[in-house]
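Listed below are the residues making up each chain.
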Amino acid sequence: LQSRGLGDVYKRQVLILIGNAILGAPMPMLIILGGLAGILLAPTRELVTVLVSVQILAGLISVTPISLFMGRYGRKAGFLTGAGCAIAGGALGAAALFQSNFWALCLGHALLGTALTCFGYFRFAAAEAVDESWRPTAISLTLTSVLFAAIVGPEIFNQTKDYFEPTQYAGAYVAISAIALIGALPVMLLSLPQADKAADSVDRIKINVWSSLSRRPVWVAVVCAAISFGIMTLLMTPTPIAMVGTGFSETQASDVIRWHVIAMFAPGFFTGALISRFGSSTIVLVGLALLGGSAVAAIAGVDLHHFYISLIVLGLGWNFGYIGGTAMLTEAISVEERPAVQGINDTLVALVSTLASFGSGMLVTSLSWTA
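Residues numbered from 1 in each chain as written. Predicted model: local features only at pLDDT ≥ 70, side-chain atom pairs only at ≥ 80, totals over all residues. Heavy atoms only, no water.

Description of the overall build of the chain
Logical step 1: The helix and strand inventory of the chain stands at 17 helices and zero strands.
Logical step 2: A total of 371 residues make up the chain; the buried ones form 57% of that total.
Logical step 3: In the chain, 84% of the contacts between residues at least 6 apart in sequence involve partners at least 24 apart. (Helix = DSSP H or I, 4+ residues; strand = E, 2+ residues; numbered from the N terminus. Buried < 20%, exposed > 50% of the residue type's maximum accessible area, 1.4 Å probe, protein only. Contact = heavy atoms within 4.5 Å.)

Section: unusual backbone geometry
Logical step 1: Residue Pro166 is bonded to the preceding Glu165 through a cis peptide linkage, with omega at 10°.
Logical step 2: Position of Pro166 among the secondary structure elements: in the loop between helix H8 (147–160) and helix H9 (170–188).
Logical step 3: Of note, the phi angle at Ser100 is positive, near 55°, even though the residue is not glycine.
Logical step 4: Tracing the chain through its elements places Ser100 in the loop between helix H4 (75–98) and helix H5 (102–119).
Logical step 5: Ser100 gets classed as exposed once you look at its relative accessible area, which sits at 54%.
Logical step 6: One non-glycine residue, Tyr169, lies in positive phi territory at about 75°.

Some words on helix H13 (residues 250–265)
Logical step 1: With 16 residues, H13 extends 23 Å from end C-alpha to end C-alpha; this agrees with the ideal 22 Å at 1.5 Å per step.
Logical step 2: Burial in H13 covers these residues: Ala253, Ser254, Val256, Ile257, Arg258, His260, Val261, Ile262, Ala263, Met264 and Phe265. (Expected span 1.5 Å × (residues − 1).)

A short note on the pattern of salt bridges
Logical step 1: In the structure shown here, the tally under the stated rule is four salt bridges.
Logical step 2: With its nearest N and O atoms 3.5 Å apart, the salt bridge here joins Lys161 to Glu250. With Lys161 in the loop between H8 and H9 and Glu250 in helix H13, this pair connects stretches of sequence that are 89 residues apart.
Logical step 3: Linked through salt bridges whose partners overlap, the residues forming this network are Glu155, Asp255 and Arg258. (Salt bridge = Lys/Arg side-chain N within 4 Å of Asp/Glu carboxyl O.)

Let's talk about the side chain of Thr167
Logical step 1: Tracing the sequence through the fold places Thr167 in the loop between H8 and H9.
Logical step 2: Every residue in contact with Thr167, bar those within four places of it in the chain, is listed here: Leu97, Phe98 and Lys161.

Some details on the confidence of the model for the chain
Logical step 1: Across the chain, the average pLDDT comes to 82, with 86% of residues at or above 70.
Logical step 2: Considering only residues more than four positions removed or in separate chains, one finds that residues 194–207, a stretch of pLDDT under 50, has 12 contacts. (pLDDT = per-residue confidence, 0-100.)

What to know about the packing of H4 against H9
Packed helix pairs are specified by the crossing angle of their axes together with the interaxial distance, meaning the distance between the axes.
Logical step 1: The interhelical angle for the contact between H4 and H9, taken along N-to-C directions, is 165°, at an axis separation of 7 Å. Here H9 runs roughly antiparallel to H4, going by the angle between their axes. Read as a crossing pair, H4 and H9 show a hand that is left-handed. On H9, the residues that touch Lys76, Phe79, Leu80, Ala83, Ala86, Ile87, Gly90, Ala91, Gly93, Ala94, Leu97 and Phe98 of H4 are Ala170, Tyr173, Val174, Ile176, Ser177, Ala180, Leu181, Ala184, Val187 and Met188.
Logical step 2: Grouping the constituent residues of the contact of H4 with H9 by class yields 18 nonpolar, three polar and one charged. (Axes fitted to C-alpha atoms, helices over the stretch in contact; angles between N-to-C directions. Parallel < 35°, antiparallel > 145°, perpendicular 65-115°, else oblique. Left-handed = near helix turned anticlockwise from the far one by under 90°. Nonpolar A, V, L, I, M, F, W, Y, C, P; charged D, E, K, R; others polar.)

Let's talk about the packing of aromatic side chains
Logical step 1: Under the criterion given, the structure shown has 10 aromatic pairs.
Logical step 2: Geometrically, the ring pair formed by Phe102 and Trp103 is edge-to-face, given 5.0 Å between the ring centres and 70° between the ring planes.
Logical step 3: Ring geometry for Phe248 against Phe307: centres 5.9 Å apart, planes inclined by 80°, an arrangement best described as edge-to-face. With Phe248 in the loop between helix H12 (239–246) and H13 and Phe307 in helix H16 (residues 304–332), this pair connects stretches of sequence that are 59 residues apart. Note on accessibility: Phe248 and Phe307 belong to one class, buried.
Logical step 4: Each residue in the set Phe98, Tyr163 and Phe164 is aromatic and connected to the rest through ring pairs, giving one cluster. (Phe/Tyr/Trp six-rings, centres within 6.5 Å; stacked < 30°, edge-to-face > 60°.)

Quick look at the structure:
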């Protein structure tokens, strides 16, 4: 393999998968913590999902600067920056709980949201390290590596949430810092080619960006990814709150989230192959249909199996819709367009998710889970 020049490619892919798997572990923990810690400290019931909303909003604000930062200094620098934000955010979250300071906890989640945004670019790094024909598979396999997070993250939450009793959940935030520190190690071993620097002026780059976004394959890809992520956020964010409010335990809620995250990433083993065979637009349409089906299952009732079915179907729909949209975007833009267009794509995705997260809290507390 070395003689064919492929050794470095495989080494990069393995390190990307390992780094993404470890650094992705806080993600399912934050889905659970965002609602439950909000119940613990939020000044009003309507603000119980603010932690998740602030987390997503931080991603919205930081996504384009991070993309441009990576375009200038490389993916590795961006991933290490994300690990640093996760370490700091977890530590601040634990300190906020010890001091019962809701606004400090919001700041901790803002740092954690920035970290998750950085880690989201692992999928692009994987795509850029292989030939064009393998990019859908590289993207889906990278997202599939988060299965480790889906399995391990909720279990870490269960084992650490009461570590600093009587201060609930502080142990889980400390665990997030520890995970980020460990996950930074494989990233430090990465040797990724620095992203191409555009030779154009800033004005020229702006013109190119808007020209890129006006192309139908580009804006369709962005819209599909944003809708897929927004619907998933709208239903996922208040799930722990709805379940605890219905009488289920935190452990049951964390298990539903575990299977939801597994459903989000397990299809990645074959999503790339399906995209290669049937086309990204077909896979996106299937994903959108599944997202609608998850809502139907949620409306059907509030028994435990309703939550399981709804969140599992929701995860499957997100996988097809989001990976399909990402593949569509990768196919539609050039190397020079990547830093700016990918940043705008993720900004719009984060904007829709932020609105969905804010809205979900008000819907559940003011109206109902069914609404």
